[in-house]
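The residues making up each chain are set out below.
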Amino acid sequence: MPDLLQPDICVIGAGSGGLSVAAAAAAFGVEVVLIEKGKMGGDCLNYGCVPSKALLAAAKSAKAHGPDTKIGFDKAFEGVDFKSANRHVHDVIAAIAPHDSVERFEGLGVNVLQGAAKFSAPDCVRVGDTQIKARRFVVATGSSPAVPPIEGLPDVPFLTNETLFTLEEAPDALIIIGGGPIGMEMAQAHRRLGSRVTVVEAQKALGKDDPELAAIVLDNIRSEGVEVLEQTAVKSVANAGDGVEVQVETTAGPQVLRGSHVLVATGRRPNVEDLGLETAGVEFSPKGIAVDKGLRTSNRQIYAIGDVTGGLQFTHAAGYQAGLVIRSALFQLPVKYDQSILPWVTYTAPELGHVGMTEQDAQNRYPGRMRVLEADYSGNDRAVAEGKTTGRLKLIVGPGGRLLGADVVGDQAGEVVNLLSLAVSQNLKMKDLAGFVSPYPTLGEMVRRAAISYYAEAPKSPWVRTVVRILRHFG
């Protein structure tokens, strides 16, 4: 007879979202079963955010040891130890792993089962010989690299984010298919660590971001020696001696690229296979599990969060959703997932961040009633002091001075977006951003500077001029 467990909550997937739900539920004294068939910590810890940012840090260090005439440093850099960079990546993973480990979660009171989960009924999941009948289920199985149907690609030992960080030697010539955030981050990192790099993008590189600000990032990456081919389709991939040969179609015609390695960075696909979702009565498609604003599936007993829902695929999105599920499943509180307040950052140099509405979205929604306020890094004393004057901040402002969205490119743009994310989520106005006190000298001062410019037109207002005349009369 199979074992039968009857917890309050069963979480499928021990990535960032699933771990957050399990830890929070256990903290409230709720009986939790957590199921994971792969590595604890999921993609973020093992193949995504953590290793990629560790590699970027190593690449930044390598770049910092090179000449930087902006701050008077012209010493030549003697080379890059790629093995040390790889070791740093795995040291960082090892340092964080205990926080996501089976041992820690069992210590929190979570019953961790290691194996593949599959629904055997709308209210039951089976893992090996164990059945779990829970009051609520949370599917948080994440996503995997999306591999496009390119001729010859299956016959080539191509890399994805799941295999890239196993390399102990720098690729001699890395060809990256996909010019999104992952593709561009890894392009710059590997170029700084000694590889020749070519990026092939079918449309526009960093196409989801503000085009003016994205161009600043791309110009800098190109200036470091990365070749970025946009509006270029990959026709076929083949082995060629010790390397690979990639046939592409550019706007100027066909071209052959030759490299030592190919990295596929063309997005991600939700992990919906082999879960028994049909048996559970859960609606899904290759784009992910369908959920309502409260993150419930078509089976009201089952929630889904994170990449598997097919929305914005970020660790912080999964964490946000996990908090909503806890409020709904444990306390029956009404919740509403608001994707519009989620920020994102591309960790290139310079960084590129966004939150809220884009400029085009705001123009479409509030034609003639929105404004774009800007502040350049070159006008910020901290940026000038550090020689990091390439960058710009944009505030997208709607009726009544409300902040609708923001875009930032430049050094530590992600840190600047933190404040702007709060402002967007709380519907703050320009008077709020113009009125706060920012320590000097910081990059955050740009936010206040841009907000103050909102009132630059005030003296031209007939009403304001009348008030000024009255004040002068009685002064």
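Residues numbered from 1 in each chain as written. Predicted model: local features only at pLDDT ≥ 70, side-chain atom pairs only at ≥ 80, totals over all residues. Heavy atoms only, no water.

K.L.:
Break down the sheet that holds strand 5 (residues 118-121) for me, citing the residues and quoting the values.
P.N.:
In spatial order, the strands read 1-7-6-5; together these 4 strands make up an open sheet with mixed pairing. Edge positions in the open sheet fall to strand 1 (3-5) and strand 5, since each of these has one partner strand only. The mean angle between the axes of side-by-side strands here comes to 30°, regardless of whether they run parallel or antiparallel. Note: strand 1 against strand 7 (residues 130-132), 3 bridges, orientation parallel. Paired with Leu4 across the two strands is Gln131, which belongs to strand 7. (Pairing = 2+ DSSP bridges. Helix = DSSP H or I, 4+ residues; strand = E, 2+ residues; numbered from the N terminus. Axes fitted to C-alpha atoms, helices over the stretch in contact; angles between N-to-C directions.)

K.L.:
Could you give me a rundown of the nonpolar core, with the residues and numbers involved?
P.N.:
With 39 residues, the main nonpolar core has Leu55, Ile176, Met184, Met186 and Val199 as its most contacted residues. Of all the elements in the fold, those that place two or more residues in this core are helix 3 (49-64), helix 4 (82-96), strand 10 (173-177), helix 6 (181-192), strand 11 (196-200) and helix 7 (211-223). Considering every element that reaches this core, the biggest residue donor is helix 3, with 7 residues. Setting aside its immediate chain neighbours within four residues, Ile176 contacts Gly183, Met186, Ala187, Val197, Thr198, Val199, Val200, Leu263 and Ala265. Counting residues in each nonpolar core, the second largest holds 33 residues, with Ala25, Val30, Phe105 and Tyr303 among its members. (Core = buried A, V, L, I, M, F, W, Y, C linked by side-chain atoms within 4.5 Å. Buried < 20%, exposed > 50% of the residue type's maximum accessible area, 1.4 Å probe, protein only. Contact = heavy atoms within 4.5 Å.)

K.L.:
With reference to specific residues and values, describe helix 14 (residues 445-452).
P.N.:
Those residues of helix 14 not exposed but buried are Met446, Val447, Ala450 and Ala451. Along the axis of helix 14, the buried residues cluster in a sector spanning 135°; they form a single face. Next to the buried residues of helix 14 lie strand 23 (371-376), strand 24 (392-397), helix 12 (413-425) and helix 13 (430-435). (Arc of directions from axis to C-beta.)

K.L.:
I'd like to hear about unusual backbone geometry, residue by residue, with values.
P.N.:
A cis amide bond links Ala349 with the next residue in sequence, Pro350, at an omega value of 5°. With respect to the helices and strands, Pro350 occurs in the loop between strand 21 (344-346) and strand 22 (351-356). At the junction of Tyr440 and Pro441, the peptide bond is cis and its omega measures out at -5° in the coordinates. Within the secondary structure, Pro441 sits in the loop between helix 13 and helix 14. Positive phi, close to 50°, is recorded for Gln231, a residue that is not glycine. Relative to the elements of secondary structure, Gln231 occurs in the loop between strand 12 (227-229) and strand 13 (233-240). One non-glycine residue, Leu295, adopts positive backbone phi at about 70°. By secondary structure assignment, the location of Leu295 is in the loop between strand 19 (288-289) and strand 20 (302-304).

K.L.:
I'd like to hear about the packing of aromatic side chains, residue by residue, with values.
P.N.:
A full pass over the atoms with the stated rule returns 5 aromatic pairs. Where Phe119 meets Phe137, the ring centres are 5.3 Å apart and the plane angle is 65°; that geometry is what we call edge-to-face. Pair noted here: Phe119 is in strand 5 and Phe137 is in strand 8 (residues 136-139), with a separation of 18 residues, a long-range link. Classification of Phe119 by relative accessible area gives buried; the value is 4%. A relative accessible area of 0% means that Phe137 is categorised as buried. Just above the ring of Phe105 sits the side chain of Arg104; from NZ or CZ to the centre is 5.3 Å. If you follow Lys208 out to its NZ or CZ, it ends over the ring of Trp344, 4.3 Å from the centre. (Phe/Tyr/Trp six-rings, centres within 6.5 Å; stacked < 30°, edge-to-face > 60°. Lys NZ or Arg CZ within 6 Å of the ring centre and 35° of its normal.)

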